[in-house]
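Working through the structure, step by step
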Amino acid sequence: MRLNYRIILLVLAMGLTKSSLAALNVFACEPEWASLAETLGGDRVKVVSATTAYQDPHRIEARPSLIAKVRRADLLVCSGAELEIGWLPMLQRQAGNPKVLRGQPGYFEAADQIERLGIPDSLDRSMGDIHASGNPHVHLDPRRLSTIATALSDRLANLDPTNADYYRKRHDEFSQTWEEALQRWKTRALPLVGARLVVHHQDWEYFFDWLGIIRVGSLEPKPGLPVSSGHIVKLKKRLQQEPPLAIIYTAYQSPRAAKRLSQITGIPAVELPYTVGGAEGVVDLFTLFDETLKRLLEVIP
Amino acid sequence: MFLRLSLASAVSLALTTNAIAVDSFNPEISLILDGRYSAFDNESEYELPGFMLGGEAGRGEEGLHLGHNELAISANVDDLFYGKLTTAIADHEGETEVELEEAFIETQALGNGLSIRAGRFFSAIGYLNQQHGHAWDFVDAPLIYRGLFGEQLIDDGVQIGWVAPTDIYLQVGGELLRGERFPAGGASNDGKGASTLFAKIGGDIGVSHAWQLGLSHWRADVENRTSGGHAHEGEAEEVPTFSGDSRVSGIDFVWKWAPRGNASERNFKLQGEYFIRDEDGDVIMDDGSAAPEATSYDGEQKGWYLQAVYQFMPRWRVGLRYDWLEADNKGSDEEVLAEAGLDDEGHTPERVTLMADYSHSEYSRLRLQYAKDDSYEESDDILTLQFVMSLGPHGAHKF
Ligand SMILES: [Zn+2]
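These figures come from a predicted structure and were not determined experimentally. (Residues numbered from 1 in each chain as written. Chains lettered and ligands numbered in written order. Predicted model: local features only at pLDDT ≥ 70, side-chain atom pairs only at ≥ 80, totals over all residues. Heavy atoms only, no water.)

As for the state of the cysteines
Residue and element names in this part refer to chain A. Here the structure, examined in full by the defined rule, presents one disulfide over all chains. Here C29 is linked by a disulfide to C78, with a sulfur-sulfur distance of 2.0 Å. Judged by the sign of its S-S torsion, about 50 degrees, the bond between C29 and C78 is right-handed. Taken together, the residues span a long stretch of sequence, with C29 in the loop between β1 (24-28) and α2 (31-41) and C78 in strand β3 (residues 75-78) at a distance of 49 residues. In this structure C29 comes out as buried when scored by relative accessible area, which is 0%. C78 gets classed as buried once you look at its relative accessible area, which sits at 0%. (Disulfide = S-S within 2.5 Å. Helix = DSSP H or I, 4+ residues; strand = E, 2+ residues; numbered from the N terminus. Buried < 20%, exposed > 50% of the residue type's maximum accessible area, 1.4 Å probe, protein only.)

Pasting the structure below:
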């Protein structure tokens, strides 16, 4: 009897140690969410990112390696708002893992946690490849990102209650440094308020919303459509009156169009990291905003 | 104040409408429009010596014509099931026919990598077989698909698949099928006349390369599979009819490349498949009489294709495909075999196809294709101009 009791204790203890060390498998659709999950989950999560900063998150192949990763995931962390509509549903359908289907605790959509911008009044493909539930590039507003971080931390605690305190503690730490950084960035970004920029794709709406920057044109003639030279010429004419501060593009977009427009107008073209890993030194969300502001401030005359 | 109030309600109204607009995509309804113009150089009747053709197999129609127009409806039934129905609408000899191409349900919540599909579906044999025609990189199917499956292998039944919990992608599965549609026939064994086994393995090499390799096997007890009949002058029509055992084994691979894994500017795809079919049984030339001409039949037909497609700049792709087939059929009566189209006539069918396509957006594609077709003795030059457009929600594509 005494022996049995000991064995039970031992088994329980083993069970506890095992589960408190067991890592949650997190499948992040984009590097920004991989970084956030790592920051909030610490050593209790094992994070893989489906994409890199050099890949266009709208256009990813539903590759076998990704199916294998979704198969073993406990949690998917994605932008949502249809950004991944061309590939994620296929991965979910093929992986046979019900934990990470839409509506389950194992499926986390960042865009679902915040107020979205750019919800179209009507859906018509003649307007380009628009996202019905609004603009999905939500991570570039640090205020919204803070809200998303809170929701993600709660989700981690919900999925892995044994480590709930650990996740809460890490979130408090993150939250505090993030708020400090936010104040710092706001002050630094003052010269950018009211600036006018040309974008490649409308993936900067949330960043602009945060700083009060104005988008005066897009290199894409319609969202999601490849750049055409006819459109570049039109854009040049339109921009002549009041030249914008810069033409911005990201690591996953071809620099050709931005450079071409820059050449014929004299407006500087600036490559921005867009997400974690998008430029040297951009290793987390903090350095992402540091580097983005640095590069934009550099072109202010 | 009033103004502000009405503005607020206008905004909230707009928000509600948007919510409805999003929901209106459920169920997803998508429509494929496909139109073509084809020019042939050779006016003689199409054949593939050594292969009994069935289904929709052939080089298609000449001149301006409609291709494979399709209406698909799909949705999650509930948290456990997903359902999809696809109808193909096509003209056959002046009459519009609606064909039920897919009508299946699929489990979503079994877990442990398991999923079950039931209904009518594209068999998991090969690589291209599960892709809809509008997703193909060329206007038509490879010759081996035409020769063995009548373009594509569709059947009614149950499919079970399991994805292994491994780093490398590994899927194994099987199908139990009714076996009534070509190339089976007769729905033998009480309506469980055909079955399939398949395995797929795949992964990435670095960040720029992805690959998949598949093995598959299909077998059927065939009872009275018919293939295109013909009539001699003044005689009743004779329909070649096969009964016996049929087995197809295949290996397929696909390799995709995109610089840094970013396919939007440039990407490359290389794919190839090899199939071999063994058949054992009897062939009769069914003319409605009590004692039609007959022969024993021991057939072996095989073939492969290799194709490469390169997107060299956004919107533009070019492709090259090579097809090769060979048949070696034996029987007690060579003459009857020949009449049934099973004599290879000393010819190994071949085809070289070139294509170029332009996609204004992901939803619209215009394609020009040229094929030097040596399916049979007389060589044919086939030129096709095609449009394929899709209307409806953004579809997710298989690898
Ligand atoms: Zn977008």
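The structure having been displayed, the exposition proceeds.
A word on the nonpolar core
Note that soluble globular proteins tend to have their nonpolar side chains buried in a common cluster. Residue and element names in this part refer to chain A. L36, W185, W204, F207 and I248 are the most contacted members of the largest nonpolar core, which has 62 residues in total. A per-element tally of this core places helix α6 (residues 164-188) first, with eight residues. Shared between two domains, this core takes at least three residues from each, and those domains are domain 1 (16-112 + 122-184) and domain 2 (189-297). (Core = buried A, V, L, I, M, F, W, Y, C linked by side-chain atoms within 4.5 Å. Domains from an automatic or database assignment.)

Overview of the interface of chain B and chain A
The interface of chain B with chain A comprises 51 residues on the first partner and 40 residues on the second. Here chain B meets chain A over a buried area of about 3,800 Å², counting both sides, of which 54% is carbon and sulfur. Summed over the shared surface of chain B and chain A, the result is six salt bridges. The partner of B:E265 in a salt bridge is A:R256, with the nearest N and O atoms 2.6 Å apart. Where the side of chain B that touches chain A is concerned, the elements lending two or more residues are α1 (2-23), β5 (95-107), β6 (114-122), β7 (154-163), β9 (194-205), β10 (209-226) and β16 (350-361) of chain B. Counting residues per element, the side of chain B that touches chain A draws most heavily on α1(B), at four residues. (Contact = heavy atoms within 4.5 Å. Buried area = accessible area lost by both parts, 1.4 Å probe. Salt bridge = Lys/Arg side-chain N within 4 Å of Asp/Glu carboxyl O.)

Observations regarding the pairing of β16(B)
Direction of pairing for strand β15 (residues 316-330) of chain B relative to β16(B): antiparallel, over a ladder of nine bridges. Residue B:W316 lies in a different strand from β16(B), and its bridge partner there is B:Y358. (Pairing = 2+ DSSP bridges.)

Some thoughts on the pattern of salt bridges
The full count for this structure, using the stated rule, is 47 salt bridges over all chains. Ionic pairing is found between B:D167 and A:R72, a salt bridge with its closest N-O pair at 2.8 Å. Here the residue B:D167 occupies a position in the loop between β7 and β8 (169-177), and A:R72 occupies one in the loop between α3 (64-71) and β3, the pair thus bridging two chains. A salt bridge links B:E106 to B:R117, with the nearest nitrogen and oxygen atoms 2.8 Å apart. In this pair, B:E106 sits in strand β5 while B:R117 sits in strand β6, placing the two residues 11 residues apart along the sequence.

Looking at the domain arrangement of chain A
Residues and elements named next belong to chain A. The assigned domain composition of chain A is domain 1 (16-112 + 122-184) and domain 2 (189-297). Taking only C-alpha atoms, the centre of domain 1 and the centre of domain 2 are 25 Å apart. Residue-level contacts link 32 residues of domain 1 with 26 residues of domain 2. Between domain 1 and domain 2, a total of about 2,600 Å² is buried, with carbon and sulfur atoms accounting for 62% of that surface. A salt bridge links D209 to R143, with the nearest nitrogen and oxygen atoms 3.4 Å apart.

Quick look at helix α5 (residues 142-159) of chain A
What sets the pattern is the α-helix's 3.6 residues per turn: residues three or four places apart point alike. Residue and element names in this part refer to chain A. Its 18 residues place the ends of α5 25 Å apart at the C-alpha level, agreeing with the 26 Å of an ideal helix rising 1.5 Å per residue. Those residues of α5 that sit buried are P142, R144, L145, S146, I148, A149, A151, L152, S153, R155, L156 and A157. Two or three places before R143, at the start of α5, stands the capping residue D141, its side-chain oxygen 2.9 Å from that residue's backbone nitrogen. (Expected span 1.5 Å × (residues − 1). Polar contact = N/O pair within 3.5 Å; in protein donor to acceptor, adjacent residues only side chain to side chain.)

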